[in-house]
Amino acid sequence: MIGELYADALAGESAELEYVDGTRVPLETARWFEPIDGDEELLSRCAGPTLDIGSGPGRLTAALTRRGVRTLGIDITPRAVALTRRAGGFALLRDVYDDVPGSGRWATALLADGNIGIGGHPGALLRRVGQLLRPGGTVLAEVAPPGTRSRVDRVRLRRGPVTGEWFAWATVSASDLGRVALAAGFTEARCWPAHGRWLARIR
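Residues numbered from 1 in each chain as written. Predicted model: local features only at pLDDT ≥ 70, side-chain atom pairs only at ≥ 80, totals over all residues. Heavy atoms only, no water.

**Considerations on the state of the cysteines**
Which entries qualify depends on this criterion: Note on terminology: pairs of cysteine sulfur atoms within 2.5 Å are recorded as disulfides.
For the structure shown, the criterion picks out zero disulfides. The cysteine cysteine 46 is free of any disulfide, with cysteine 191 supplying the nearest cysteine sulfur at 16 Å.

**Considering the sheet that holds strand β6 (residues 106-111)**
The cut-off we apply is this: DSSP calls a pair of strands paired once it identifies at least 2 bridges connecting them. Helix and strand assignments come from DSSP, with helices taken as H or I runs of at least 4 residues and strands as E runs of at least 2, each series counted from the N terminus. All axes here are fitted lines through C-alpha atoms, helices being fitted over the stretch that makes contact, and every angle between N-to-C directions spans 0 to 180 degrees. We call two residues in contact when some of their heavy atoms are within 4.5 Å.
Taken together, seven strands build an open sheet; the order of strands is β5-β4-β3-β6-β7-β12-β11 and the sheet is mixed. Two strands close off the open sheet at either side, each with one partner strand: β5 (91-93) and β11 (189-194). Neighbour-to-neighbour, the strand axes of the sheet open up by a mean angle of 20°, direction not taken into account. In this structure, β11 lies alongside strand β12 (residues 197-202), joined through six bridges in antiparallel fashion. Within β12, the position partnered with proline 193 by the bridge is tryptophan 198. Contacting β4 (71-75) and β5, helix α4 (residues 78-86) runs over the sheet at an angle of about 165° to β5.

**Describing the UniProt feature "domain: Methyltransferase" (unreviewed entry) in the protein**
The test is simple: UniProt positions are given in the numbering used here, feature names are shortened, and annotations may be inferred rather than shown by experiment.
The UniProt feature table records "domain: Methyltransferase" (unreviewed entry) at residues 51-137. Its end C-alpha atoms 11 Å apart, residues 51-137 is made of 32% helix and 25% strand.

Below is the structure:
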């Protein structure tokens, strides 16, 4: 059901993200189709083969492909993969913890749009991404502003009375990223503001 509701949202259906305390916020999937202010700060730093993790409808995957950067988007939703391909990018239906082509050879991994929160365990996710990168590779991520409380929430998708299953999603503050990255085996994490977003480079 999570995948169905997310796929419908990518097709234009309204949906909400619901928290266990009852709070609901709109799932603004439409913004993932077009360039977002700050994207250039990520795109310009993608050196060499790039893996876009949780690529959604593929705006970054397609943008990099147009620039001649060899890029693969991976997502767990068939509609997202189809949309990425339609946009001109190459994408596979794949979980980041599954076998990923080019494992150990990617120069850059993207965790945009808060995707460092995938699975609710950012340390485990970064360790996995470290396995996919080549030695000296870089993670480019989007994090929460400094001073935000890092946390793991239980959330689900909702469209009217229809709900998906609960799943974990993490928020990582720029203030805490260095500690999380170090524990995951990286040696450097630098964050900076860009057009209202906070981005990070992890090495």
